[in-house]
Number of protein chains: 2
Amino acid sequence: MHYILKDENAVYYEVGFSCDNELLIVAGDERVFITDPRYTTEAKEAIKNAEVIEARDIHKAAREWMKRLGIKKLFYDPNDLRCSDLEQLQKSGATFRPKRNISWQKRIIKSEAEIAKIAQSAKLNAEAFEEYAMFLQKSAGKSERELHFEATAFLSSKGRYDLSFDPIFAINENAAKPHALPTDKALQPGDLVLFDAGIKYERYCSDRTRTAFFDETVSFDKEQRFANPKIQRAYDTVRKAQEAAIAAARSGMKACELDKVARDIIEKSEFAGTFVHSLGHGVGLDIHEMPFINSRNQQILEDGMVFTIEPGIYIPGEFGIRIEDMVVLRNGRAEVL
Amino acid sequence: MHYILKDENAVYYEVGFSCDNELLIVAGDERVFITDPRYTTEAKEAIKNAEVIEARDIHKAAREWMKRLGIKKLFYDPNDLRCSDLEQLQKSGATFRPKRNISWQKRIIKSEAEIAKIAQSAKLNAEAFEEYAMFLQKSAGKSERELHFEATAFLSSKGRYDLSFDPIFAINENAAKPHALPTDKALQPGDLVLFDAGIKYERYCSDRTRTAFFDETVSFDKEQRFANPKIQRAYDTVRKAQEAAIAAARSGMKACELDKVARDIIEKSEFAGTFVHSLGHGVGLDIHEMPFINSRNQQILEDGMVFTIEPGIYIPGEFGIRIEDMVVLRNGRAEVL
């Protein structure tokens, strides 16, 4: 299959380099990476398995390269290319056929080298959670907005690591929104805090969520004691669902079957109907990639897949709870990263 | 003209709200904003001039709405829609015609209310530059990476404002790369520092660059004294080019004519050939938008346009200098924001 890629992570996966203006064409053993003069020096240094072409008009260079090699048909991912990219490429007279998830399909089983990077990303992320918890212990009275900002310093080690997404730091009822934005609400002893964050290590993402009872001893351990009994029951239910899913995960099982393990526990509790999103998602170069662990996905889980397990309970106007870890399937079972 | 938009800033401009999963269709007086259940509550609160439709499949909802209103032809911006968006929309049987820059064309002349927001963004940004300079005075020995990270705290007022782009903080020869990434290089007295940064105020961007001589009295004033005479000559040339372009800018002149004013000064100096990018770009909801001030653009500049004036001199392996301000054309002339 001959194909063209533009997405930075898709291209990086193939040639070990990417930038914000590029095309990669793979046609059997022939591969070409096309970029503009800002990036050619670094591209030529980094890329060993593709020809590097410098061009002010990368689409025109792609058309010329295809013509030279007599390439008449290419696949593209319609989620990757913009209409203007396709418009420019089609001037070549070649046929462009849409095919979804070209790169995600290739990346779904991680190599040991990739798993090692993801594990290191998860380790550094977990350490940042611990350091941030120590900081939080002395942070009563600060706003969500300020604490959200301070979190980025711990996560990035003051700029050393990129974040894999804008972290979520949410207090009490704000945690009931799965995609909460920080407000001016001030943190007070007795509050519930939800913290969802990840970093990138050598471009590989991590993702972790903890929900905690806030006072001057706050930690992001899974063991938590909330003053409010309803919150404690919800927390215990989420924890049970999360740990049951980790224990039940098997290579050979369908993604939807794994989702069901956690979902059933919440549905059979007093909190039925409050787990409003899917159980998890693959993590790699992208923070959200295949496999998607939801109630509809029939995909068979396999050794080497890396994904999150993150059930939650959300009571609008009251509170939200989510516990999230990343796992890799190895020897048929889930190992927490 | 009936058209469809997906880009967040394009949609925000029309209805005063946007989110990361949306379509807006404008068909004469009929307007519909389509999003998924995560965002409908906020969308309905914020949007007064369009119908709000909630849908898990926003493309399907768009097809149904078009069918209901009998809409047979829509324009789209091929830089805005992905191939997969168009693929989904075309299932409606309607004709979709590409038209570039639909939103940028509408946004090129700013209203007084927009100019006021951009001016406030520029003011807050300039204040952050001053505060950051005070911090730099005590920062000898810190790395580019660390100083880049610290800059984000000053720019964002600890998370209160979003940044309009990842700032550039570059020392000496690293400043010779127009898109420098921070390294572990440590700041030393006598170094040249280049700082290019901007924030967003009520979604409107600012953009500013200063180049400075670093010692314990460093400031981002335009008046600078470098120890190295060649650097001083280059700095004075860039400053002369920048100030000449600001003074020469007129409504009614072509963008390429304004570029030429600054370019000629550098080309006639000993630094000919070192000004490797265009003179400036429009700034608004996007950090880069129309008008583009370069050597090829025949566009006539008009009152109400806001853009940067940012000539530079780059000597690879030695140093880079850039001075950038934002201006608005008013009463035929450029006012610095």
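The coordinates are above.
Described below are features of the structure shown in this document.

Calculation criteria
Note that residues are indexed from 1 along each chain, following the sequence as it is written. Each chain takes a letter, starting from A, and each ligand takes a number, starting from 1, following the order in which they are written. Whole-chain, interface and lining totals are the exception, using all residues; otherwise, since this is a predicted model, local features are given only for residues with pLDDT of at least 70 and side-chain atom pairs are given and counted only at 80 or more. Think of the side-chain values as coming from all heavy atoms in the structure, minus any hydrogens and water. Working definition: with a 1.4 Å probe on protein chains only, accessible area under 20% of the residue-type maximum means buried, over 50% means exposed, and in between means partly exposed. In DSSP terms, a helix is any run of H or I states spanning at least four residues, a strand is any run of E spanning at least two, and both are numbered starting from the N terminus. DSSP bridges decide pairing: two strands pair if at least two such bridges lie between them. The axes used here are C-alpha line fits, helices contributing only the stretch in contact, and every angle between their N-to-C directions lies in the interval 0 to 180 degrees. Throughout, a residue-residue contact means that at least one pair of heavy atoms, one from each residue, lies within 4.5 Å. Expected span, for any helix, means 1.5 Å times one less than how many residues it has. Any N or O atom pair separated by 3.5 Å or less is treated as a polar contact, with the protein-specific requirement of one donor-capable and one acceptor-capable atom, and with residues adjacent in sequence counted only for side-chain atom pairs. Here the quantity called buried area is the accessible surface, traced with a 1.4 Å probe, that two parts lose on coming together, added over both. For this document, the term salt bridge refers to a Lys or Arg side-chain nitrogen within 4 Å of an Asp or Glu carboxyl oxygen. Note on residue categories: nonpolar means Ala, Val, Leu, Ile, Met, Phe, Trp, Tyr, Cys or Pro, charged means Asp, Glu, Lys or Arg, and polar means any other residue, Gly included. Any Phe, Tyr or Trp ring, taking Trp's six-membered ring, that has another such ring centre within 6.5 Å forms a pair; planes under 30 degrees apart are called stacked, those over 60 apart edge-to-face, and the others tilted. Here a cavity is any set of points on a 1 Å grid over the protein atoms alone where a 1.4 Å probe fits but cannot get out, and a pocket is any open set with protein on both sides within 12 Å along at least 5 of 7 lines; a residue lines the site when it has an atom within 4 Å of a point. Grid points are joined across faces, edges and corners, and a volume is the space filled by probe spheres set on the points. Under this scheme an angle from 65 to 115 degrees is roughly perpendicular, one under 35 degrees roughly parallel, and one over 145 degrees roughly antiparallel; angles in between are oblique. The sense of a crossing depends on the near helix, which, turned anticlockwise from the far helix by less than a right angle, makes the crossing left-handed and, turned clockwise, makes it right-handed.

1. Details of the pairing of strand 7 (residues 168-171) of chain A
Residues and elements named next belong to chain A. Taking every second residue as pointing to the same face, both faces of strand 7 are buried, with Ile168 and Ala170 on one and Phe169 and Ile171 on the other. Judged from the four bridges that link them, strand 7 and strand 8 (residues 192-197) form a sheet pairing that is antiparallel. Each bridged residue has a counterpart across the sheet, and for Ile171 the counterpart in strand 8 is Val193.

2. Looking at the sheet that holds strand 11 (residues 208-213) of chain B
All names here are of chain B. Pairing in this open sheet of three strands is antiparallel, and the strands run 7-8-11 from one edge to the other. What marks the edges here is a single partner per strand, and that holds for strand 7 (168-171) and strand 11. Across the sheet, the mean angle from the axis of one strand to that of its neighbour is 10 degrees, orientation sign disregarded. Against the sheet, helix 7 (residues 144-155) makes contact with strand 7 and strand 8 (192-197), and its axis sits at roughly 145 degrees relative to strand 7, the strand it touches most.

3. Considerations on the side chain of Asp196 of chain B
Its place among the elements puts Asp196 of chain B in strand 8. With near-sequence residues (within four places) excluded, Asp196 of chain B lies in contact with Phe165, Pro167, Ile168, Asp207, Arg208, Thr209, Arg322 and Glu324 of chain B.

4. Focus on helix 3 (residues 58-69) of chain A
Since the α-helix turns once every 3.6 residues, residues separated by three or four places project in the same direction. Residues and elements named next belong to chain A. Across its twelve residues, helix 3 extends 17 Å between first and last C-alpha, which sits within 8% of the 16 Å expected from 1.5 Å per residue. Among the residues of helix 3, those classed as buried are Ile58, His59, Ala61, Ala62, Arg63, Trp65 and Met66. On its buried face, helix 3 is in contact with strand 2 (22-27), strand 3 (30-35), strand 4 (51-54), strand 5 (73-76), helix 4 (83-90) and strand 6 (95-98). For helix 3, the capping residue at the N-terminal end is Asp57, with a side-chain oxygen 3.1 Å from the backbone nitrogen of His59. Downstream of helix 3 by a residue or two, Gly70 has a phi angle that is positive, lying close to 70 degrees.

5. A closer look at the interface of chain B and chain A
Residue-level contacts link 25 residues of chain B with 25 residues of chain A. A combined buried area of about 2,100 Å² lies between chain B and chain A, and 54% of that area is made up of carbon and sulfur atoms. Taken as a group, Cys83, Phe149 and Lys158 of chain B account for 29% of the area that chain B buries against chain A, more than any other trio of residues on that side. For the pair chain B and chain A, the number of links is six salt bridges. Of the charged contacts, one joins Arg160 of chain A and Asp184 of chain B as a salt bridge, the two residues approaching to 3.6 Å between their closest N and O atoms. Seen at the junction of chain B and chain A, the total is eleven residue pairs in polar contact (both at pLDDT 80 or more). The set of elements that each furnish at least two residues to the side of chain B that touches chain A consists of helix 4 (83-90) and helix 7 of chain B. Element by element, the count of residues in the side of chain B that touches chain A is highest for helix 7 of chain B, at six residues. Here the side of chain B that touches chain A is built from residues that sort into eight nonpolar, seven polar and ten charged.

6. A look at the packing of aromatic side chains
All names here are of chain A. Under the defined criterion, the tally for this structure stands at 26 aromatic pairs over all chains. Seen in terms of ring centroids, Phe129 and Phe220 are 5.6 Å apart; in terms of plane orientation they differ by 70 degrees. Their pairing is edge-to-face. Within this pair, whereas Phe129 is found in helix 6 (residues 112-137), its partner Phe220 is found in the loop between strand 11 (208-213) and helix 8 (229-248), the two being separated by 91 residues in sequence. Assessed through its relative accessible area of 0%, Phe129 is described here as buried. Given the relative accessible area of 1%, Phe220 is considered buried. Taking 5.7 Å as the distance between ring centres and 55 degrees as the angle between the ring planes, the aromatic pair formed by Tyr132 and Phe154 counts as tilted. Pair noted here: Tyr132 is in helix 6 and Phe154 is in helix 7 (residues 144-155), with a separation of 22 residues, a long-range link. On the basis of relative accessible area, Tyr132 is assigned to the buried category, the value being 1%. Aromatic rings pair up to connect Phe129, Tyr132, Phe135, Phe154, Phe169, Phe195 and Phe220 into one cluster.

7. Points about empty space enclosed by the protein
If you walk through the whole model with that rule in mind, you get two cavities of 30 Å³ or more. Volume-wise, the largest cavity comes out at about 50 Å³. As for the largest cavity, its lining consists of Ala122, Asn125, Ala126, Ser206, Asp207, Arg208, Glu324, Asp325, Met326 and Leu337 of chain B. If you list the elements that add at least two residues to the lining of the largest cavity, you get helix 6 (112-137) and strand 17 (325-330) of chain B. Among the elements that take part in the lining of the largest cavity, helix 6 of chain B stands out by supplying three residues, more than any other. Along the lines of polarity and charge, the residues of the lining of the largest cavity split into four nonpolar, two polar and four charged. Within this model, the second largest cavity holds a volume of roughly 40 Å³. Around the second largest cavity sit Ala122, Asn125, Ser206, Asp207, Arg208, Met326 and Leu337 of chain A, which together line it. Grouping the amino acids of the lining of the second largest cavity by side-chain chemistry returns three nonpolar, two polar and two charged.

8. Let's talk about the layout of surface pockets
To locate leftover empty space, one rolls a probe as large as a water molecule over the atoms. In this structure, the second largest pocket spans a volume of roughly 180 Å³. Forming the boundary of the second largest pocket are Tyr76, Cys83, Leu86, Glu87, Gln90 and Pro98 of chain A together with Tyr76, Cys83, Leu86, Glu87 and Gln90 of chain B. Here the residues of the lining of the second largest pocket are counted per class, giving seven nonpolar, two polar and two charged.

9. Section: the packing of helix 6 of chain A against helix 7 of chain A
All names here are of chain A. It is the contact of helix 6 with helix 7, at a shortest axis distance of 9 Å, that shows an interaxial angle of 135 degrees. The angle between the axes of helix 6 and helix 7 places the two elements in the oblique class. In the packing of helix 6 onto helix 7, the handedness of the crossing is right-handed. Contacts between helix 6 and helix 7 involve Asn125, Ala128, Glu131, Tyr132, Phe135 and Leu136 on the former and, on the latter, Leu147, His148, Glu150, Ala151, Phe154 and Leu155.

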